Amino acid sequence: MPSRKFADGEVVRGRWPGSSLYYEVEILSHDSTSQLYTVKYKDGTELELKENDIKPLTSFRQRKSGSTSSSPSRRRGNRSRSRSRSPGRRPPKDARRSASASHQADIKEARREVEVKLTPLVLKPFGNSISRYNGEPEHIERNDVPHKNTQEKFNLLQESSYISTQYSLRPRREEIRLKEMDSKEEKFVTKELAVRTFEVTPIRAKDLEFGGVPGVLLIMFGLPVFLFLLLLMCKQKDPSLLNFPPPLPALYELWETRVFGVCLLWFLIQALFYLLPIGKVVEGTPLIDGRRLKYRLNGFYAFILTSAIIGTCLFQGVEFHYVYRHFLQFTLAATVFCVVLSVYLYMRSLKVPRKDLSPASSGNAVYDFFIGRELNPRIGTFDLKYFCELRPGLIGWEAVLTTMDIIHDGFGFMLAFGDLVWVPFIYSFQAFYLVSHPNEVSWPMASLMIVLKLCGYVIFRGANSQKNAFRKNPSDPKLAHLKTIHTSTGKNLLVSGWWGFVRHPNYLGDLIMALAWSLPCGFNHILPYFYVVYFTMLLVHREARDEYQCKKKYGVAWEKYCQRVPYRIFPYIY
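Residues numbered from 1 in each chain as written. Predicted model: local features only at pLDDT ≥ 70, side-chain atom pairs only at ≥ 80, totals over all residues. Heavy atoms only, no water.

Labelled according to an unreviewed UniProt entry, the chain appears under the name Delta(14)-sterol reductase LBR, originating from Callithrix jacchus. The record in UniProt for the chain states the following under Pathway (unreviewed entry): "Steroid biosynthesis; cholesterol biosynthesis." (UniProt positions renumbered as here; feature names shortened; annotations may be inferred.)

A. Structural view of the confidence of the model for the chain. Averaged over every residue, the pLDDT of the chain is 77; the share at 70 or more is 74%. pLDDT under 50 marks residues 63-91. Its contacts with residues more than four places away, or in other chains, come to 24 contacts. In the model, residues 110-171 has pLDDT below 50 throughout and makes 117 contacts with residues more than four positions away in sequence or in other chains. (pLDDT = per-residue confidence, 0-100. Contact = heavy atoms within 4.5 Å.)

B. A look at the packing of helix α5 (residues 212-235) against helix α15 (residues 429-436). Where α5 contacts α15, the two axes come as close as 9 Å, and the packing angle between them is 30°. With respect to their mutual orientation, α5 and α15 come out roughly parallel. Residue-level inspection shows L230, L231, C234 and K235 of α5 in contact with α15, the latter providing F429, F432, Y433 and S436. Residues that form the contact of α5 with α15 fall into these classes: six nonpolar, one polar and one charged. (Axes fitted to C-alpha atoms, helices over the stretch in contact; angles between N-to-C directions. Helix = DSSP H or I, 4+ residues; strand = E, 2+ residues; numbered from the N terminus. Parallel < 35°, antiparallel > 145°, perpendicular 65-115°, else oblique. Nonpolar A, V, L, I, M, F, W, Y, C, P; charged D, E, K, R; others polar.)

C. Representation of the pairing of strand β4 (residues 46-50) in the model. Across the five residues of β4, four count as buried, placing the element largely inside the fold. Judged from the five bridges that link them, strand β3 (residues 36-41) and β4 form a sheet pairing that is antiparallel. Its bridge partner lying in β4, Y37 is registered against L49. Count of turn residues in the β3/β4 antiparallel hairpin: four residues, of which G44 carries a positive phi of about 95°. (Buried < 20%, exposed > 50% of the residue type's maximum accessible area, 1.4 Å probe, protein only. Pairing = 2+ DSSP bridges.)

D. Layout of helix α17 (residues 505-518). Taking 1.5 Å of rise per residue, 14 residues should cover 20 Å, and α17 covers 20 Å from first to last C-alpha, within 8% of that figure. Of all 14 residues that make up α17, 11 are buried, and the element is covered over most of its length. Of all the residues in α17, the buried ones are P505, N506, Y507, L508, G509, D510, L511, M513, A514, A516 and S518. Elements in contact with the buried residues of α17: α15, α16 (443-472) and α18 (530-554). (Expected span 1.5 Å × (residues − 1).)

E. Inspection of a positive patch on the surface at higher detail. Residues R292, R471, K491 and K553 make up a contiguous surface patch of positive charge. Mapping R292 onto the fold places it in the loop between β7 (280-283) and β8 (294-297). Given a relative accessible area of 44%, R292 falls into the partly exposed group. (Patch = residues over 30% accessible without salt bridge, like charges linked within 9 Å, V, L, I, M, F, W, Y side chains within 5 Å. Areas by Shrake-Rupley, 256 points an atom, 1.4 Å probe, with all protein chains shown as cover. Salt bridge = Lys/Arg side-chain N within 4 Å of Asp/Glu carboxyl O. Lys, Arg positive; Asp, Glu negative; His and termini not counted. Charge placed at Lys NZ, Arg CZ, Asp CG, Glu CD.)

F. Quick look at the packing of aromatic side chains. Throughout the structure, instances matching the rule amount to 33 aromatic pairs. Seen in terms of ring centroids, Y274 and F387 are 5.6 Å apart; in terms of plane orientation they differ by 70°. Their pairing is edge-to-face. Separated by 113 residues along the polypeptide, Y274 in helix α7 (residues 257-275) and F387 in helix α12 (residues 384-390) bring together distant segments of the chain. Judged on exposure class, the residue Y274 and its partner F387 are both buried. Here the aromatic rings of F300 and Y301 are separated by 6.2 Å at their centres, their planes lie at 75°, and the arrangement is edge-to-face. Accessibility expressed as a relative area gives 56% for F300, which makes it exposed. The cationic tip of K235 hangs over the ring face of Y324; the distance from NZ or CZ to the ring centre is 5.9 Å. When the ring centre of Y295 is taken as reference, the NZ or CZ atom of R378 above it lies at 5.0 Å. (Phe/Tyr/Trp six-rings, centres within 6.5 Å; stacked < 30°, edge-to-face > 60°. Lys NZ or Arg CZ within 6 Å of the ring centre and 35° of its normal.)

G. Structural detail: the nonpolar core. Formed by 77 residues in total, the largest nonpolar core has its most connected members in Y386, F411, V421 and I426. In terms of residue count, helix α10 (residues 327-349) provides more of this core than any other element does, 11 residues in total. The contact partners of I426, leaving out residues within four places of it in the chain, are L227, L230, F530, Y531 and Y534. Counting 16 residues, the second-largest nonpolar core is a separate cluster that includes I485, L493, W499 and V565. (Core = buried A, V, L, I, M, F, W, Y, C linked by side-chain atoms within 4.5 Å.)

H. Structural view of the UniProt feature "transmembrane region" (unreviewed entry) in the chain. Using the residue numbers shown here, the UniProt feature "transmembrane region" (unreviewed entry) corresponds to residues 213-233, 259-278, 299-318, 324-347, 411-435 and 441-460. With 85% helix and 0% strand, residues 299-318 has end C-alpha atoms that lie 25 Å from one another. This span, residues 441-460, is 90% helix and 0% strand, and a straight line between its end C-alpha atoms measures 26 Å.

I. Molecular detail of the pattern of salt bridges. Following the criterion strictly, the structure yields 12 salt bridges and no others. Salt-bridge contacts for R291 lead to D356; the nearest nitrogen and oxygen are separated by 3.1 Å. Taken as a pair, R291 in the loop between β7 and β8 and D356 in the loop between α10 and α11 (365-371) lie far apart in primary sequence, 65 residues in all. Counted as one network, the salt bridges with shared partners bring together E209, D409 and R545.

J. Region of interest: the state of the cysteines. Summed over the entire model, instances satisfying the criterion amount to zero disulfides. Of all cysteine sulfurs, the one in C338 lies closest to C388, which takes part in no disulfide; the gap is 9.2 Å. Free of any disulfide, C550 has its nearest neighbouring cysteine sulfur in C562, separated by 8.6 Å. (Disulfide = S-S within 2.5 Å.)

K. Representation of the pairing of β8. The alternating pattern of β8 places Y295 and L297 on a buried face and K294 and R296 on a face that is not buried. Inspection of the sheet shows β7 paired to β8 by four bridges, in the antiparallel sense. For V281, the partnering residue across the bridge sits in β8 and is R296.

Following this line, the structure appears as structure tokens:
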């Protein structure tokens, strides 16, 4: 296996595809199979380059301006002046003509250099900000002059400017036209690069998560079936795993139009509360094009209004055991609604610009239907993903704008099913179990469970609040005591406080609370502890996704953070 020349994290110069221009880049990784380096430019653009298109910084040292042997303009100026002639004396006619001809030639040469510099970037198709470049020679139109490095171009333009200043005694029309052309072309290229940088690149097939297309198909068809089997097991007199599978009801028994109507009513009521002009409006994290979407934080008010409505209904004698008796029907109604919503989300995403797509989208229809193709689908100011994350299934979870769900994953079947089906029917699974299988709990045990729950909440809330405050304002005086590691992206990583304890303290708090919710069910059956087992698997997988994204984004800085904070979720265990 050939040895690699550049190490991860090393700052070098990388050639921009289609040109002879080299820019400062950071080495992110190296593929030993293709022998390509993944590099990151200062504007965040990532490319894959061959080794011969990468050079160390030392090869780009500027020449000393004080050396007469390395200054073309000084050598040319010496040839144009006689030692015996005064600098103020007007040169002979032939000398003026020669200087004018030399000036014209320099302008033409500079114009050709500008064409060589700009043409590949404008004419060469460039669809993505993360792309593969194989290093093959590029075809140059209108000019066969070989490429030069950036310093040579800069010296040439300096020579032209120096000569024109020395010899031109009348308005320089050619120079003015050249400057205008430079300005127009540079503005055009800048605009093109800006647009291209903001485009979202579909991830490659080898980077697909959840097992790729086969894995997401299994999840989309398997999870709803598994959920129904779990609920049917819970309703049995003896919910032992030895009695699996439970007897299956007829399909027509699982569908009731009235139940579906109740689900729609609940959804619409929460949507109405979401639109109320109460609560503060905050900005989310910057998108790839620099925009910040605005979100209204009124979940607490929605919770108060919802509690008031439910309390009024109870006072009026409404029987809420209807929900328990039709739990399976509500599950099916929510699943159908989730599928319809997912189809709508995918169809509308086919018409949105590329800059609005999710970084997790792949270009594969099945995978994108699952993971979500559009990052922030909105109807006017109504943010569908943000609403479904926080209202119909889980009210009051507000420190969510900096999580992976919002800033990375699109809104597709995965989040729709999780928000509208899995969360409301699995997170209430212990209560559903206790209705049919009550368990007596002593006061001391109940107190310990409450303390455990509060400890988990303090860790979860403290870690998320600390992270959220740091991302909003890293220079906040309240956070001055926290230690950080600087990254190549310009951001810092917390290495003290909650985030110096383990790398994902919020997940640790979540799992402690999950255990506290399950303990009241006792230890007669393992079924009510499915929530803890599933949640552990979910957060370990989510932690692996976080690790992959952070290592890709922060590079060497993330490796340093992992050395400082070696445990991922469980201290001294994992």
